[in-house]
Each structure stands twice: as C-alpha cells, then as structure tokens.
Amino acid sequence: MLQTVKMHFVEHFKVPVEKLWHLFVNPNGWDPWFTDGMSMETVEGGHIKFRWKRITADEVVEDRGVVIFVETFKVFEFWWYEYEDGFRSRVKMSFVPHGKDESWLKIEDSVLVDGERELSIALGCAYGWGQMLCLAKAYAERGLILI
C-alpha cells in the first residue's frame, strides 16, 4: 500500500531571494554545483531532466520530472523520481526573503513509498536534499564548487 512520507528541509542563505531563485530555477538546473547536464523548462508543464555523475562516483544517474507550479521568486513545484506510470516525489520549494540580502529556502518533499520495505527511498531523498543544500550554500555564498 502506497503511503506518503513528508519531509521538510530549511536553509538560510546570505544572498537576495532573486539570486537564490535563479540558482535553483533556470534552464541549466543545478549545474555546475550539484548536477551534470541537468536541464529544465521553467514553466508549468515544463520538463526537467536530472543527471548526476560527480556525486555518484562517475556512474551516470538520470531521472526526469515535470514542473507543476511556478510563482516567480516565491514557489517552484515539481514532480520527479520516475515510478511506473508516474512519479514518486512531489517537491515544493518556497523562497522567502529575509531582509534585502538574505533569504530562506524551504523544501517540502512528499515521497510515495510502499510501506516499510521502501522507506530507504525516502531516506535516500532526505540524504540527497541535505547534500544539495550544503553544496548550494557554498556555491551561492562563496562561489565554491565542492564536488
């Protein structure tokens, strides 16, 4: 029986919300700081192609997704993690300004799992979000690429 595991992640960035938005919502996706050849159509109904190589020990890992909702500088929602005839994960990224030069990124990831036996899927997503936020913060605030 499929059930939803909801996870929440929050990170503070010392960059304006507009800069943070463009770091996450742009045609090249999360290249060069997290993905390798990612692309996204940044409009509702747009396609997302995920591709990793550096963080997966040179094994190419690919997935796809679709954009659900866009409210510029505020909300970006998408489905991803392909599964049978749909997707396992619905992600809502909320961008919240904090003063003029700082912002918060809030991520809600709702992952469909088939009971306890697939809980590792949700745990893998949680690990990935933590890794991604760390790499994004280093890149956004310091211009560092850590992978």
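Just above, that's the structure.
Worth saying up front: this structure is predicted, and the values here are computed from it rather than measured. (Residues numbered from 1 in each chain as written. Predicted model: local features only at pLDDT ≥ 70, side-chain atom pairs only at ≥ 80, totals over all residues. Heavy atoms only, no water.)

Asker: Any chance you could explain the pairing of strand β7 (residues 102–114) here in plain terms?
Answerer: Within a regular strand, the side chains alternate between the two sheet faces. The pairing of strand β1 (residues 2–13) with β7 spans 12 bridges and is antiparallel. Across the sheet, residue Lys6 finds its bridge partner in β7, namely Ser110. Bridging between strand β6 (residues 86–98) and β7 involves 10 bridges; their strand directions are antiparallel. The residue bridging Pro97 from the neighbouring strand is Ser103, located in β7. Once β6 ends, the chain turns through 3 residues before running back antiparallel as β7, passing Gly99 with a positive phi of about 75°. (Pairing = 2+ DSSP bridges. Helix = DSSP H or I, 4+ residues; strand = E, 2+ residues; numbered from the N terminus.)

Asker: I tried to follow the environment of Met38 on my own but got confused; where do I start?
Answerer: Among the secondary structure elements, Met38 is positioned in the loop between α1 (17–24) and β2 (39–40). Excluding residues that lie within four positions of it along the chain, Met38 makes contacts with Pro27, Asn28, Gly29, Trp30, Asp31, Ile48, Lys49 and Phe50. (Contact = heavy atoms within 4.5 Å.)

Asker: Would you mind showing me how to read the side chain of Asp63 here?
Answerer: Mapping Asp63 onto the fold places it in strand β4 (residues 61–71). Buried and unpaired, Asp63 has no salt bridge, with Arg64 as the nearest side chain of opposite charge at 6.2 Å. Of the polar contacts made by the side chain of Asp63, one reaches the backbone nitrogen of Tyr81; its length is 3.3 Å. A distance of 3.1 Å separates a polar side-chain atom of Asp63 from the backbone nitrogen of Glu82. Residues contacting Asp63, with those up to four places away along its chain left out, are Ile48, Lys49, Phe50, Trp80, Tyr81 and Glu82. (Buried < 20%, exposed > 50% of the residue type's maximum accessible area, 1.4 Å probe, protein only. Lys, Arg positive; Asp, Glu negative; His and termini not counted. Salt bridge = Lys/Arg side-chain N within 4 Å of Asp/Glu carboxyl O. Polar contact = N/O pair within 3.5 Å; in protein donor to acceptor, adjacent residues only side chain to side chain.)

Asker: Honestly, the layout of surface pockets in this entry has me stumped. Any pointers?
Answerer: Gaps between atoms show up when a probe of the same size as a water molecule is rolled over them. Here the largest pocket is characterised by a volume of approximately 390 Å³. Breaking the lining of the largest pocket down by element, the ones donating at least two residues are β3 (47–52), β4, β5 (75–83) and α2 (119–142). Here the lining of the largest pocket is built from residues that sort into 13 nonpolar, 4 polar and 2 charged. (1 Å grid on protein atoms, 1.4 Å probe; cavity = no way out; pocket = protein on both sides within 12 Å on 5 of 7 lines; lining within 4 Å. Points joined across faces, edges and corners; volume = space filled by probe spheres on them. Nonpolar A, V, L, I, M, F, W, Y, C, P; charged D, E, K, R; others polar.)

Asker: Just to check I follow, could you spell out the pattern of salt bridges for this structure?
Answerer: If the charged atoms of two oppositely charged side chains come close together, the side chains can form a pair. Counted under the stated rule, the structure contains 10 salt bridges. Of the charged contacts, one joins Arg88 and Glu118 as a salt bridge, the two residues approaching to 2.8 Å between their closest N and O atoms. Of the two residues, Arg88 is situated in strand β6 and Glu118 in the loop between β7 and α2; the sequence distance between them amounts to 30 residues. For Arg88, a relative accessible area of 5% corresponds to the buried category. By relative accessible area, which is 11% here, Glu118 ends up buried. Ionic pairing is found between Asp114 and Arg117, a salt bridge with its closest N-O pair at 2.5 Å. Overall, Asp114 belongs to the buried group, its relative accessible area being 19%. What emerges from the salt-bridge pattern is a single network uniting Glu11, Lys137 and Glu141.

Asker: How should the packing of aromatic side chains be read in this particular structure?
Answerer: Given two aromatic rings, one states the distance between the centres and the angle between the planes to describe the pair. Counted by the stated rule, this structure contains 19 aromatic pairs. With 4.9 Å between their ring centres and 65° between their planes, Trp21 and Phe95 make a pair best called edge-to-face. Taken together, the residues span a long stretch of sequence, with Trp21 in helix α1 and Phe95 in strand β6 at a distance of 74 residues. Residue class for Trp21 comes out buried when judged on its relative accessible area of 4%. (Phe/Tyr/Trp six-rings, centres within 6.5 Å; stacked < 30°, edge-to-face > 60°.)

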